[in-house]
Amino acid sequence: MDTSVNGPEGLPSFGGDAWERADWRYHEEQVRRLRGRIFKAAREGDWPAVRSLQKLMLRSWSNTLVSVRQVTQRNTGRRTAGIDGLVALTSQARAEMAVHVHATIGSHQPSPVRRVYVPKASDKAKMRPLGIPVLADRCHQGRVGNALEPEWEARFEPRSYGFRPGRGCHDAIESLFITLCGKSKRVWILDADLAAAFDKISHGYLLEALGGFPARDMIAGWLKAGIFEAGKGFAPTGEGTPQGGLCSAEHKPPYEQCWVMRSAGLLALVTAMLGVEHCA
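This one's a predicted model, so the numbers in the text were calculated from it and none came from an experiment.

**Brief notes about a nonpolar patch on the surface**
Argument step 1. A contiguous nonpolar surface patch, about 290 Å² in accessible area, is contributed by Ile-83, Phe-228 and Phe-234.
Argument step 2. Tracing the sequence through the fold places Ile-83 in the loop between α4 (61-74) and α5 (91-103).
Argument step 3. When its relative accessible area of 39% is taken as the criterion, Ile-83 is described as partly exposed.

See below:
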């Protein structure tokens, strides 16, 4: 039985066989090159070109395929469903999801996330809340992330390491080691943790920071989609962003360089940190 579904306009039907035959190296290269062009335009301050290239990324079939593959085939959470119970663990299901995602680029309506609790890494006796988006939302978040991330990568401080691709704690440790072992007069390291940082992010401040980003309204929809928790029902989200979705980390980068602390009202700490060179 032929169970293939119609692909994007101008493409033939796209089913499980087409998914398995897809030239993933080609599609990933297309996304990589377009991300590079967005980064270059942002670094040069050519904002009309940035927005145009971001729109191109958001319409890209390669971006859709790569994003759906990442969510449904590569991510460790691929077997975890949102409130609709849907997962895509076969080539046919993944192909159908890719077609659905691409067909709803301009019409997708975000769904509430499913609230679950997992033990904290630092203290197994305490539980950390996660918000699991539905499968379609996670795929769309992957698409949006590929358009948003390179713009902000071009704008961040060189010594910022949190929630950035190809960077992590070890890079921050290396930077501190090099600084402290040299002739620098800096002798202080500030170790700070913003309590419930994800829970207190200001939606208005974040959306203002995103400026004219083409998918700004979609991000606003995710922020306002709400939370569903078993036994408690639906709860609206007036502030904060759930941890667990692909874009939860994307929601934090525009707050780099002390913006998140301004949003939380920690002006004294902002003033203190602006006077020192720091690693985030």
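**Describing the side chain of Arg-94**
Argument step 1. The topology assignment puts Arg-94 in helix α5.
Argument step 2. Buried within the structure, Arg-94 lacks any salt-bridge partner; Glu-20 is the closest side chain of opposite charge, at an N-O distance of 7.5 Å.
Argument step 3. Among residues more than four places away in sequence, those in contact with Arg-94 are Trp-19, Val-68, Thr-72, Gln-73, Ala-88 and Leu-89.

**Regarding α5**
Argument step 1. Taking 1.5 Å of rise per residue, the 13 residues of α5 would be expected to cover 18 Å, and the 18 Å separating its terminal C-alpha atoms lies within 8% of that figure.
Argument step 2. Within α5 the residues assigned to the buried category are Ser-91, Gln-92, Arg-94, Ala-95, Met-97, Ala-98, Val-99, Val-101 and His-102.
Argument step 3. Looking at the buried residues of α5, the elements they touch are α1 (16-21), α3 (47-59), α4 and α6 (135-153).

**Quick word on the confidence of the model for the chain**
Argument step 1. Averaged over every residue, the pLDDT of the chain is 83; residues scoring 70 or more account for 82%.
Argument step 2. Segment residues 251-280 is flagged for pLDDT under 50; beyond a separation of four residues in sequence, or across chains, it makes 67 contacts in the model.

**What about the packing of helix α2 (residues 24-43) against α6?**
Argument step 1. Direction vectors running N to C along α2 and α6 enclose 35°, while the axes themselves pass 8 Å from each other. Helix-helix and strand crossings are classified by hand; for α2 and α6 the assignment is right-handed. Of the residues in α6, those touching α2 at Val-31, Arg-35, Ile-38, Phe-39, Ala-42 and Arg-43 are Gly-145, Asn-146, Ala-147, Glu-149, Pro-150, Glu-151 and Glu-153.

Cut-off values and rules
- Residues numbered from 1 in each chain as written.
- Predicted model: local features only at pLDDT ≥ 70, side-chain atom pairs only at ≥ 80, totals over all residues.
- Heavy atoms only, no water.
- Patch = residues over 30% accessible without salt bridge, like charges linked within 9 Å, V, L, I, M, F, W, Y side chains within 5 Å.
- Areas by Shrake-Rupley, 256 points an atom, 1.4 Å probe, with all protein chains shown as cover.
- Salt bridge = Lys/Arg side-chain N within 4 Å of Asp/Glu carboxyl O.
- Helix = DSSP H or I, 4+ residues; strand = E, 2+ residues; numbered from the N terminus.
- Buried < 20%, exposed > 50% of the residue type's maximum accessible area, 1.4 Å probe, protein only.
- Lys, Arg positive; Asp, Glu negative; His and termini not counted.
- Contact = heavy atoms within 4.5 Å.
- Expected span 1.5 Å × (residues − 1).
- pLDDT = per-residue confidence, 0-100.
- Axes fitted to C-alpha atoms, helices over the stretch in contact; angles between N-to-C directions.
- Left-handed = near helix turned anticlockwise from the far one by under 90°.

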